[in-house]
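Report on the structure
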Amino acid sequence: MIILPAIDIKDGNCVRLVKGDYSTASKVADDPYDVAESFVKAGAEWMHMVDLDGAKDGKRKNYELIVDVAKSTDIKVEVGGGIRDMETIEDYLENGVDRVILGSAAVKDQHFVIDAVNNFDDKIVVGIDALNGIVCAEGWTDKSELNYIDLAKQMEQIGVKTIVFTDINQDGTLGGPNLVQLDNLVNSVSCDIIASGGVSNLKDIINLSELNVYGAITGKAIYSGNLDLAMAIEIASKVNGI
C-alpha cells in the first residue's frame, strides 16, 4: 500500500477543510514547496494535490502554483480539481504531473472520461466523493443521485484503473476512514482503490492495509502531528511488498 500525503490549495495557500465545507478552510502551512520537500524526506513516492478553487469553479485556478511545485520536487504527483477538458489534462501531464484526477466529469460528462482514458490510459484517475453513499460533484457542493458503487462500476467498464474514494463525512475530521464503504468498494470493482478521508493515526493505516486498498491519502493528520508520515510509509510499505 502506498501513502499519498496531500496538499490542498485554496487562494494560493495550503489549507484543510472539514467535511468539504469551504467556510472551514484553515491554513496549515506557509510554503507548499517546503511541505512537498518534507514529504520527500519522509520517504513518500507520491503526493496528492488538489486545486480547491478549481474543484468548485470548474477552472484551473491554482494551476501555475501546482505545476511549479510538481516540477520542483522529486516525487510523483497526482492532481485533481477543476479538470474539465483535454487541454487541461495535457497541460498538467506535460508539466510535471504524473496523473490527473477527474471528479465532477465522471458524474456529468462520461464521454470526456472515455476520451481521456483512451488517450492517457492509467494516467487518468477518477475521484468518487460521496456523502452518505451518494456521489457529490463541483467541489462537493452538488449532490447527484448516483450511488458510489454504481459509479465505480461504470468507471470500471470505461477502463479506469484507479479510483480515489472520499467519504465526505469523514474528510478532515480525524475520525477514521469509512472502512465499511471502502470494503464494499474494494470487493465490487477490480480498480485500484485509494482511500481518502478521516485518516488520523497509524492504526488507520493498518486497518486500511488489511482491506487491500492500493493507497491511502492523508492530510490533516500530518499537519496536526497526529500521524508520523515516515512511520506510516514504513508500515504501508510492508503490505504486499509495495
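Our structure's up above, just so we're on the same page.
Residues numbered from 1 in each chain as written. Predicted model: local features only at pLDDT ≥ 70, side-chain atom pairs only at ≥ 80, totals over all residues. Heavy atoms only, no water.

Where helix α4 (residues 86-93) contacts helix α6 (residues 110-120), the two axes come as close as 11 Å, and the packing angle between them is 35°. Relative to α6, α4 is oriented so that their crossing is right-handed. Touching Met86, Ile89, Glu90 and Leu93 of α4 are Phe112, Asp115, Ala116, Asn119 and Phe120, all from α6. Here the contact of α4 with α6 is composed, by residue class, of six nonpolar, one polar and two charged. (Axes fitted to C-alpha atoms, helices over the stretch in contact; angles between N-to-C directions. Helix = DSSP H or I, 4+ residues; strand = E, 2+ residues; numbered from the N terminus. Left-handed = near helix turned anticlockwise from the far one by under 90°. Contact = heavy atoms within 4.5 Å. Nonpolar A, V, L, I, M, F, W, Y, C, P; charged D, E, K, R; others polar.)

The next subject is the pairing of strand β12 (residues 215-218). Going residue by residue along β12, you find Gly215 and Ile217 tucked away on one face and Ala216 and Thr218 tucked away on the opposite face as well. Across four bridges, strand β1 (residues 2-10) lies against β12 in parallel orientation. Residue pairing for β12: isoleucine 2 is matched across the bridge by glycine 215. The pairing of strand β11 (residues 192-196) with β12 spans three bridges and is parallel. Note that in β12 the partner of serine 196 across the bridge is isoleucine 217. Taking the sense of rotation as the criterion, the β-α-β connection linking β11, helix α9 (residues 202-210) and β12 turns out right-handed. (Buried < 20%, exposed > 50% of the residue type's maximum accessible area, 1.4 Å probe, protein only. Pairing = 2+ DSSP bridges. Right-handed = clockwise from strand over helix to strand, strands pointing away.)

Another point: the pairing of strand β3 (residues 21-29). As paired strands, strand β2 (residues 13-18) and β3 are joined by four bridges and run antiparallel to one another. Residue pairing in the sheet places cysteine 14 in a bridge with alanine 29 of β3. Where β2 hands over to β3, the hairpin turn is made up of two residues, of which lysine 19 adopts a positive phi near 55°.

By size, the foremost hydrophobic cluster in this structure holds 69 residues, and its most contacted members are Ile89 and Val113. Sequence-distant contacts of isoleucine 89, that is, excluding residues within four places in its chain, are made with Ile83, Val100, Leu102, Phe112, Ala116, Phe120 and Ile124. (Core = buried A, V, L, I, M, F, W, Y, C linked by side-chain atoms within 4.5 Å.)

Fair warning: the whole summary comes from geometry, so function is off the table for now.
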